[in-house]
Amino acid sequence: MEMERQPHVLLFPFPAQGHIKPMLTLAQLLCHAGIHVTFLNTELNHHLLTQRQALSARFPTLHFHSISDGLPSDHPRTIAVYYQDIVASLRSKTAPLLCQFLISKKNNVDKDSAAAAAAAQLPPLGCVITDGIMCFAIDAAEEVGIPVIVLPITSACSFWCYSCIPNLIQEAQLPFEDEDMDRIVSGVPGMEGLLRRRDLPSICRMPTDHPIMQFYIKETKAITRASALILNTFDDLESSILSHLAPRFSKIYTIGPLHALLKSRIKDDDLSSSSSSAAATASLRQEDRRCMTWLDTQRLGSVIFISFGSLVKLTRVELLEFWHGLVSSGTPFLWVLRSDVLWSDEGEHMGQVIPTELEMGTKERGFIVDWVPQEEVLAHEAVGGFLTHSGWNSTLEGIWAGVSMLCWPKLADQQVNSRCVGRFAKLARNSVSESGSSYHNLQQLIQDLRNL
Ligand code: UDP
């Protein structure tokens, strides 16, 4: 590998689990091709990401850095206050720090002498890859004169829906009252007849002048200034919508499912080098691996796996309804119940709310954990079904594993995702194979980064 000829790219995700994981997967794929990657996390997430050392050891061209999110250290940083606080703070406090950081990386200067020595080994920063809701990072990269590529952490379908919101407002499809949610929506080309009001991104239920709605409109528009778009999807899955997005961007790299592409690249590498190292996933929470031993004791395809991702919260009524349903189904179940899953005003620990009549059924057939290695769980032969909130990462992981998915979309892009994907396991496998579209598009991205 000719290290000195490789480009240097900065990857900067939005500070949330579902955003950091695919961005870090892309980082590993780029490093696997020898590209130098500086991976920038907010300070808290930098510390929570315990796999940093293992990843740096596995990929010598992967360098982790942190930046302040500008919030006080005792801020709860939960979804309920996310947009108001984090987004505002990133824009006002983190943006100027990011500019300084980019300048230092572009010019290869660092105040700290150890960091300076490390920086000297690195080529000047040549490209920024950032998230779809971080347009302040696009502004910063433009100010410093570095090309920027955007990776929105969502499906092409939902990204397209967000892009069409101004159109929906113009056509008086938005706003609407919380009634007649099954009415078909027009104004999203390519999805005529398919999209109902209930399938639109959850922000579409807000007044059109709501700050969150305005935030998304602005962010989605800003992305069109990027030199290119990377999407964690694959051509066969969303080709009709990709054709609508194509005219808006000079280049779109569809290189998903990223987690599957990484697995296949690392596996190929391991086979040829006889090394035992494997791809690491990025988790900000501690995984409870006891669930794997429990799964080993269950019959083939008998278990329903329930996970609502890292952000979704339940009301007590929703929680109990799921619980009753699961126990009454008589099916073994593995349930990810994060300690923060109840809305904060109902924040008792789960154990305190198990109704007596559900205790026996839960102990006999259920296994409840705070956080699991989800990709491994989905790949386990005992798992036959996946009750999911339809977060895009979980959706791709479910498609890849080929398990039946029961969708309970709750917020953000989840409604669109659940409406638009069917059973595509075989297509996903084709896309990451050596003759597949995602494999080919990743090669193209790597080549283009080298030519920058
Ligand atoms: N995840 C995990 N363990 C769990 C629950 C979730 O590793 O117990 C991972 C899951 O594999 C997925 C990510 O967390 O990659 C959640 O991202 P997604 O886009 O599905 O949902 P979000 O958390 O953004 O709502």
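Counting from 1, residues in each chain are numbered in the order their sequence is written. Owing to the predicted nature of the model, reporting of local features is limited to residues with pLDDT of at least 70; listing and counting of side-chain atom pairs is limited to 80 or more, with chain, interface and lining totals taken over all residues.

Per an unreviewed UniProt entry, the protein chain goes by Glycosyltransferase and derives from Rubus argutus. In its Sequence similarities (unreviewed entry) section, the UniProt record describing the protein chain reads: "Belongs to the UDP-glycosyltransferase family." UniProt positions are given in the numbering used here, feature names are shortened, and annotations may be inferred rather than shown by experiment.

Enquirer: How would you sum up unusual backbone geometry? Please name residues and give values.
Expert: Look at the link from Leu 174 to Pro 175: it is a cis peptide, with omega at -5°. Looking at where Pro 175 falls in the secondary structure, it is placed in the loop between helix H8 (165–170) and helix H9 (211–223). Pro 257 follows Gly 256 through a cis peptide bond whose omega is -10°. Structurally, the position occupied by Pro 257 is in the loop between strand E7 (252–254) and helix H11 (258–273). Helix and strand labels come from DSSP, where a helix needs a run of H or I of at least four residues and a strand needs a run of E of at least two; each type is numbered from the N terminus.

Enquirer: Any chance you could break down the site of the ligand for me, citing the residues and the numbers?
Expert: In this text, near has one meaning. A residue is near a molecule or strand if its C-beta atom, placed using the backbone, is within 6 Å of it. Around the ligand, the structure places 18 residues, and the nearest of them are Gly 18, Gly 309, Gln 374, Gly 391 and Ser 394. For the shell around the ligand, the secondary structure elements donating two or more residues are helix H1 (17–32), helix H15 (374–379) and helix H16 (392–401). Split by domain, the shell around the ligand shows at least three residues from each of two domains, domain 1 (3–158 + 208–281 + 430–451) and domain 2 (290–425). An automatic or database domain assignment supplies the start and end points of every domain.

Enquirer: Summarise the sheet that holds strand E6 (residues 228–231); cite the residues concerned and give the values.
Expert: Strand pairing in a sheet relies on backbone hydrogen bonds. The paired strands run either parallel or antiparallel. One open sheet accounts for seven strands, arranged E3-E2-E1-E4-E5-E6-E7; its pairing is parallel. For this open sheet the edge positions go to strand E3 (62–67) and E7, each flanked by a neighbour on one side alone. The average undirected angle you get between the axes of adjacent strands in this sheet is 20°. A pair of strands counts as paired when DSSP detects no fewer than two bridges linking them. Pairing analysis gives two bridges linking strand E5 (residues 148–151) to E6, with the strands arranged parallel. Counterpart to Val 150 in the pairing with E6 is Leu 229. Structural elements are reduced to axes, namely lines fitted to C-alpha atoms, with helices fitted over the stretch in contact, and the angle between N-to-C directions of any two is expressed from 0 to 180 degrees.

Enquirer: Describe in detail the nonpolar core, supporting the description with residues and values.
Expert: The nonpolar core is taken to be a set of buried Ala, Val, Leu, Ile, Met, Phe, Trp, Tyr and Cys residues joined by way of C-beta atoms within 7 Å. Exposure classification rests on a simple neighbour count of other C-beta atoms within 10 Å of a residue's own: a residue reaching 20 or more is buried, one at 12 or fewer is exposed, and one in between is partly exposed. C-beta atoms are placed from the backbone. Membership of the largest hydrophobic core comes to 120 residues, with the highest contact counts inside it found for Leu 11 and Ala 27. It is H1 that provides the largest number of residues to this core, a total of eight residues. For this core, the domains that each give at least three residues are domain 1 (3–158 + 208–281 + 430–451) and domain 2 (290–425). The contact partners of Ala 27, leaving out residues within four places of it in the chain, are Leu 11, Val 37, Phe 39 and Leu 62. We call two residues in contact whenever the C-beta atoms placed from their backbones are within 7 Å.

Enquirer: How would you summarise the packing of helix H13 (residues 316–329) against helix H14 (residues 356–365) if you had to cite specific residues and measurements?
Expert: The contact between H13 and H14 brings their axes to 9 Å, and the two run at 55°. Relative to H14, the element H13 is oriented oblique. Once H13 is placed against H14, the crossing between them reads as left-handed. Touching Trp 323, His 324 and Val 327 of H13 are Leu 358, Gly 361 and Thr 362, all from H14. Note on residue categories: nonpolar means Ala, Val, Leu, Ile, Met, Phe, Trp, Tyr, Cys or Pro, charged means Asp, Glu, Lys or Arg, and polar means any other residue, Gly included. Taken together, the residues that form the contact of H13 with H14 break down as three nonpolar, three polar and no charged. With respect to orientation, any angle under 35 degrees is reported as roughly parallel, any angle over 145 as roughly antiparallel, any angle of 65 to 115 as roughly perpendicular, and every other angle as oblique. A clockwise turn of the near helix away from the far one marks a right-handed crossing, whereas an anticlockwise turn of less than a right angle marks a left-handed crossing.

Enquirer: Lay out the domain arrangement of the protein chain in plain terms, naming residues and giving numbers.
Expert: Often the size quoted for an interface is simply the accessible area lost on bringing the parts together. As far as domains go, the protein chain holds domain 1 (3–158 + 208–281 + 430–451) and domain 2 (290–425). Between domain 1 and domain 2, the residue contacts involve 19 residues of the former and 17 residues of the latter. Counting only elements with at least two residues in the side of domain 1 that touches domain 2, the list comes to H1, helix H7 (156–163) and H11. Top element by residues in the side of domain 1 that touches domain 2 is H1. It accounts for four residues.

Enquirer: Can you lay out helix H10 (residues 235–245) for me, pointing to particular residues and giving the numbers?
Expert: Given 3.6 residues per turn, any residue in an α-helix points the same way as the ones three and four places further on. Among all positions of H10, only Asp 235, Leu 237, Glu 238, Ile 241 and Leu 242 are buried. For H10, the buried positions fall inside an angular range of 145° around the axis, keeping them on one side. Exposed residues on H10 whose side chains face more than 90 degrees from its buried face are Ser 240 and Ser 243. Directions are taken from the helix axis to each C-beta atom, and the arc is the one they span.

Enquirer: Kindly report on H1, identifying the contributing residues and their values.
Expert: For a helix, the expected span equals 1.5 Å multiplied by the residue count minus one. Compared with an ideal rise of 1.5 Å per residue, which puts 16 residues at 22 Å, H1 spans 22 Å between its outermost C-alpha atoms and is within 8% of the ideal. Of all 16 residues making up H1, 14 are buried, and the element is well covered by its neighbours. Just past H1, the residue Gly 34 takes up positive phi, approximately 95°.

Enquirer: I'd like a description of the environment of Thr 281, backed by residues and values.
Expert: As for its placement among the helices and strands, Thr 281 is situated in the loop between H11 and helix H12 (290–296). With residues near it in sequence (within four places) discarded, Thr 281 still touches Lys 21 and Glu 375.

Enquirer: How would you explain the confidence of the model for the protein chain if you had to name every residue and give the values?
Expert: A score from 0 to 100, pLDDT tells how confident the predictor is in each residue. Averaged over all residues, the pLDDT of the protein chain equals 90, while 90% of them reach at least 70. When the criterion is pLDDT under 50, residues 274–278 qualifies, and its contacts beyond four places in sequence or with other chains add up to five contacts.

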